[in-house]
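Each chain, written out:
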Amino acid sequence: MVRNAFPDPALHCHDISPDIRPVPESSEIFDVSRFIGIDNYLFLFRDDRFLNAFKNTLYFTVLSVTLELLLGLSIAILLNRSFRMKGLMRAIVLIPWAIPTVVSAKMWEWIYNTDFGILNYLLGVKINWLGSPFWAINAAVFMDVWKTTPFVVILLTAGLQVIPKDLYQAARVDGAGRWDIFTRIVLPLLKPVILVVLIFRTLDAFRVFDAIYVLTGGGPANTTETLSIYAYKVLFQTLQFGYGSTLAVVVFLCTGGISIFYIRLLSKGVRL
Amino acid sequence: MRRTIFYLLIILLALYCAGPLLWQFITSLKLDTELTKLPPILPKAPTMDNYIAIFKENPFLRIILNSAIVAASTTTLSLILGSLCAFGLAKLRIGYKGLILGFILSVSMFPPIATVSPLYLIIRALGLRDTLFALIITYTTFSLPLAIWVLTNFFREIPDEIYLAARVDGCTPLQVFYKIMLPLAAPGIFATAILVFIFSWNEFLFALTFTSTVASRTIPVGIALFPGLHEVPWGDIAAASVVVTIPLIILIFVFQKRIIEGLTAGSIRG
């Protein structure tokens, strides 16, 4: 049956709470095999849920990577001077990076809680962060920014330390202001490191799975469902290995494209 | 004035990074009745009930033990295989080194979601479903590229003369490896070990897919599937989160320098 390969519309779950469960034991469906050519790939274009997941993934990737880079750069510059307890501060910055993604998703789910969450309490509002289609994806972005900015900070700090101190002094002697030093010296010299950060972060953000899967399960109304989550649900919850694999291949092709794009940028004379 | 602003920013940053974990810790000390009241932020009478509950009513100890076995075995295997491979790539005369390294690195480019279903079929066919071994070989496969990459960079920094001198003095390449290279690259090996350990301690997708019972469940899956009868047991989840995060917090506070070295060696020096 070709139709078996397509996702069941009933799968559009509208509840907020993530429905996470182990892979079911029954597995007869895996043994059903019939060659159907590129039918699964053609179905992608008619599958609104795929297009929705693609859009969500792009939104999540672009917004979170941009914010992480800006915030990471600010923090790296802030920490790039000598002060007491610098080592301690660096360890504290590493905390979000070291915490398991699942744990951080549960932590943030509790922080975002509408009635008893600390966020609503501190802001003095009563927003249903994970239940509203507008806020849910942004809440996921915010959590990801918290979790992965430390990685960006570490790489950028390493990049900043390579810049010779004399350069700053020479620029200051020549009358350059802080902003000039930042845009004309720091940024150009940091460019290769920034590119490396962008490669790692874009690839990771594009294939995001556990963070959002545990936080929202893809809901509400699939507004936070990314490609990896959709693929996972089709593969292991509805056990449609054919179409699920098609979705997984799409993720693979996209990340492959992203890496090639960045590697070409890197090799195109942006080296030091 | 400028100093004050600087330290104010530093404190803000510390709160931003550690705040959520701190809140989870405070939550873990509250009784269920206190969880649904805000303010007060701090519990009136801090309680250990949640911590006692997770160890009493759940197979939580089993889950922690599983994670420890998986992470420790993965780290050991990755270091043995990775250091040998990195030594060869950094010091021995073999052709197509760049190509080999590029090929190994390309493995880490694969998105997990694209590899999870074929791996699932293989693991099922081998009868390894719901075993710790399935997770150990999978994690070793996926952490090897990182391990080899970081270790190759560390081995390269050891001067070739040391290798050649030892060879002239009659060491076999393998002897040079374990008598001279390993001790010299100890910091790098240490950094790699921490990174691989944290990766295997935290991994979720493969663990969720390959395991079905507590016999082989690891911490991330255990926390995601935390049993709750009627309501989400936030106090218990908070206590469990704190318990599984403690080893990682100790790691980063003690080995902060090594971790940063490892991360930067893995992505920049090449």
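Residues numbered from 1 in each chain as written. Chains lettered and ligands numbered in written order. Predicted model: local features only at pLDDT ≥ 70, side-chain atom pairs only at ≥ 80, totals over all residues.

1. A few points about the overall build of chain B
Spelled out, the test is: Helix and strand labels come from DSSP, where a helix needs a run of H or I of at least four residues and a strand needs a run of E of at least two; each type is numbered from the N terminus.
Regarding its fold elements, chain B presents 13 helices and zero strands. Mapped from its N terminus to its C terminus, chain B presents α and β elements in the order α-α-α-α-α-α-α-α-α-α-α-α-α. For chain B, the spread of C-alpha atoms along the principal axes amounts to about 75 × 65 × 30 Å.

2. Regarding the overall build of chain A
Our working rule: Whether a residue is buried, exposed or partly exposed follows from its count of other C-beta atoms within 10 Å of its own C-beta, namely 20 or more, 12 or fewer, or something in between, respectively; the C-beta atoms are built from the backbone. We call two residues in contact if the C-beta atoms placed from their backbones are at most 7 Å apart.
Assigned secondary structure in chain A consists of 11 helices and zero strands. Reading the secondary structure of chain A in the N-to-C direction produces α-α-α-α-α-α-α-α-α-α-α. Of all 272 residues assigned to chain A, the portion counted as buried reaches 41%. In chain A, of all internal contacts separated by at least 6 residues, the share reaching a separation of at least 24 is 76%.

3. With respect to the packing of helix H1 (residues 39-46) of chain A against helix H11 (residues 241-267) of chain A
Residue and element names in this part refer to chain A. Heads up, the condition is: Here an axis means a line fitted to C-alpha atoms, over the contact stretch when the element is a helix, while the angle between two N-to-C directions is reported on a 0 to 180 degree scale. An angle below 35 degrees is treated as roughly parallel, one above 145 as roughly antiparallel, one from 65 to 115 as roughly perpendicular, and anything else as oblique. When residues are sorted by character, Ala, Val, Leu, Ile, Met, Phe, Trp, Tyr, Cys and Pro go into the nonpolar class, Asp, Glu, Lys and Arg into the charged class, and all the rest, Gly among them, into the polar class.
With their axes 9 Å apart at the nearest point, H1 and H11 run at an angle of 75° to one another. The orientation of H1 with respect to H11, classified from their angle, is roughly perpendicular. Where H1 abuts H11, its residues Asn40, Tyr41, Phe43 and Leu44 lie against Gly242, Tyr243, Thr246 and Val250. Split into classes, the residues belonging to the contact of H1 with H11 amount to five nonpolar, three polar and no charged.

4. Focus on unusual backbone geometry
Of note in the backbone geometry, Ala221 of chain A takes a positive phi value of approximately 50° without being a glycine. With respect to the element layout, Ala221 of chain A can be found in the loop between helix H9 (210-215) and helix H10 (227-237). Positive phi, close to 55°, is recorded for Tyr96 of chain B, a residue that is not glycine. With respect to the secondary-structure elements, Tyr96 of chain B resides in the loop between helix H4 (60-91) and helix H5 (97-107).

5. What to know about helix H8 (residues 178-206) of chain A
Residue and element names in this part refer to chain A. Short version of the rule: Helix span, as expected, comes to 1.5 Å for every residue beyond the first. In this scheme, the bend at a residue equals the angle between the axes fitted to the seven residues that finish there and the seven that begin there.
Given a rise of 1.5 Å per residue, 29 residues ought to cover 42 Å, yet the end C-alpha atoms of H8 are separated by just 35 Å, more than 12% below that figure. The largest bend in H8 comes to about 55°, at Lys191, with the proline Pro192 one to four residues further on. Here H8 has its buried residues at Leu190, Val193, Val197, Arg201, Leu203, Ala205 and Phe206.

6. Looking at the interface of chain A and chain B
How big an interface is tends to be reported as the loss of accessible area on association of its parts. Listed by partner, the interface residues are 56 residues for chain A and 53 residues for chain B. No other element matches the 10 residues that helix H3 (residues 86-98) of chain A contributes to the side of chain A that touches chain B. A breakdown of the residues in the side of chain A that touches chain B according to their chemical character gives 43 nonpolar, eight polar and five charged.

7. Let's talk about helix H6 (residues 112-125) of chain B
Taking 1.5 Å of rise per residue, the 14 residues of H6 of chain B would be expected to cover 20 Å, and the 20 Å separating its terminal C-alpha atoms lies within 8% of that figure. Of all the positions in H6 of chain B, only Pro112, Ile113, Ala114, Val116, Ser117, Tyr120 and Ile123 of chain B are classed as buried. Taken together, the buried residues of H6 of chain B touch H10 and H11 of chain A together with helix H7 (132-156) and helix H11 (205-210) of chain B. Downstream of H6 of chain B by a residue or two, Gly127 of chain B has a phi angle that is positive, lying close to 70°.

8. So, the environment of Ser267 of chain A
All names here are of chain A. Secondary-structure assignment places Ser267 in helix H11. Overall, Ser267 belongs to the exposed group, with 9 C-beta atoms counted inside 10 Å. Sequence separation of Ser267 and Tyr230 is 37 residues, and the distance between their C-alpha atoms is 34 Å.

9. Observations regarding the confidence of the model for chain A
Put simply, the test is: The score called pLDDT rates the predictor's confidence residue by residue, from a low of 0 to a high of 100.
When pLDDT is averaged along chain A, the result is 83, and 86% of the positions lie at 70 or above. With pLDDT under 50 throughout, residues 1-17 of chain A is counted as low confidence; its partners more than four residues away or in other chains account for 32 contacts.

10. Overview of the confidence of the model for chain B
For chain B, per-residue confidence averages 87 on the pLDDT scale, and 97% of positions sit at 70 or higher. Confidence metrics for the complex model read pTM 0.86 and ipTM 0.87.

11. Describing the packing of H3 of chain A against helix H6 (residues 133-162) of chain A
All names here are of chain A. The test is simple: Note on convention: near helix rotated counterclockwise from far helix by under a right angle means a left-handed crossing. Clockwise means right-handed.
Two elements in contact, H3 and H6, have axes separated by 7 Å at closest approach and are oriented at 125°. Relative to H6, H3 is oriented oblique. In the packing of H3 onto H6, the handedness of the crossing is left-handed. Where H3 abuts H6, its residues Val93, Leu94, Pro96 and Trp97 lie against Trp146, Lys147, Pro150, Phe151 and Val153. Class assignment for the residues of the contact of H3 with H6 results in eight nonpolar, no polar and one charged.

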